[in-house]
Amino acid sequence: MGQSTEEDRKALNGGGGGGEEESIPHKMWSMVCNNLLFVLTLAAVVGGLILGVIIQQTVNPASTDMVIVLLKFPGELLLRMLKCVILPLVVASVVTGLGAINAKSCGKIGGVAVAYYMTTTIAAAILGLVMVSVIRPGVGAETADEYDGTENVTLNENTNTLDTIMDLFRGAFPDNIVQATFGKDSTVLTNITDDAGKHMYMDRTLKFNMGSMNMIGVIVVSIVCGVLMSLHPEETAPLMR
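Reference entry: report on the structure contained in this document. (Residues numbered from 1 in each chain as written. Predicted model: local features only at pLDDT ≥ 70, side-chain atom pairs only at ≥ 80, totals over all residues. Heavy atoms only, no water.)

1. Here's the deal with helix α4 (residues 61-99)
Move 1: Taking 1.5 Å per residue as the helical rise, α4 with its 39 residues ought to reach 57 Å, and the 57 Å between its terminal C-alpha atoms agrees with that figure.
Move 2: Taken as a whole, α4 carries its principal kink of about 35° at F73; the proline P74 stands between one and four residues after it.
Move 3: Those residues of α4 that fall on the buried side of the exposure criterion are T64, V94, V95, L98 and G99. (Helix = DSSP H or I, 4+ residues; strand = E, 2+ residues; numbered from the N terminus. Expected span 1.5 Å × (residues − 1). Bend = angle between axes of the 7 residues up to and from the residue. Buried < 20%, exposed > 50% of the residue type's maximum accessible area, 1.4 Å probe, protein only.)

The following block contains the structure:
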């Protein structure tokens, strides 16, 4: 009985001449398990491409839109859940991270974070304005509501680099942190004309845009809270836990 059990163990462990052949699938399986996220992502991309081709070739064109809506629905739910945790994750990470170190290092890290965020945002805004000025998308297209200069209209496209940079600094110092989690202010230009349709002046107003979180304002407020907590570690210890 003992001899047969020992032989069974050797067979299960790949003993004998077939040991090397069985080790290759085992290594491949271990590699898949260690990189499971990448494998599943790649499989999902390939499966999506195949499913898209099948739908395009087999589903009635009149029903394609509804099929796409149904397929997008689970992904939409996932994205909504991910967006839901962005705000508490960022605030908790910044506040606890800065609050756990000394005030001197805290100030340096916070300054670098704000400087990096504002630099990349300003660079992106300038690059976008330059590309719009060079490419001029939409020029030559026929529009029914084209401005004819006869009445007061809002010109959302007439923003410039200065307005964009000023809006960025306004966002860094929100007047309401709760409001900053729902949207941010942006400059809107309105062409003011007289009764004859002659241009008088360009009016600049701030418009609150819902649905676009003021992330720079949230980060700045979180940094300030983290710095203050690092200055008073004993009093803020229960909050840090």
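After presenting the structure, the write-up continues.
2. Digging into the environment of V221
Move 1: Assignment of secondary structure puts V221 in helix α8 (residues 215-231).
Move 2: Note on V221: relative accessible area 28%, which makes it partly exposed.
Move 3: Sequence separation between V221 and V91 is 130 residues, and the spatial gap between their C-alpha atoms is 8.8 Å.
Move 4: Excluding its chain neighbours within four sequence positions, the residues that come into contact with V221 are P174 and I177. (Contact = heavy atoms within 4.5 Å.)

3. Focus on the packing of helix α6 (residues 161-172) against α8
Move 1: It is at 7 Å that the axes of α6 and α8 come closest, and there the two elements cross at 40°. The angle between α6 and α8 falls in the class oblique. Relative to α8, α6 is oriented so that their crossing is right-handed. Of the residues in α8, those touching α6 at L168, G171 and A172 are I216, G217 and V220.
Move 2: Its residues assigned to classes, the contact of α6 with α8 shows four nonpolar, two polar and no charged. (Axes fitted to C-alpha atoms, helices over the stretch in contact; angles between N-to-C directions. Parallel < 35°, antiparallel > 145°, perpendicular 65-115°, else oblique. Left-handed = near helix turned anticlockwise from the far one by under 90°. Nonpolar A, V, L, I, M, F, W, Y, C, P; charged D, E, K, R; others polar.)

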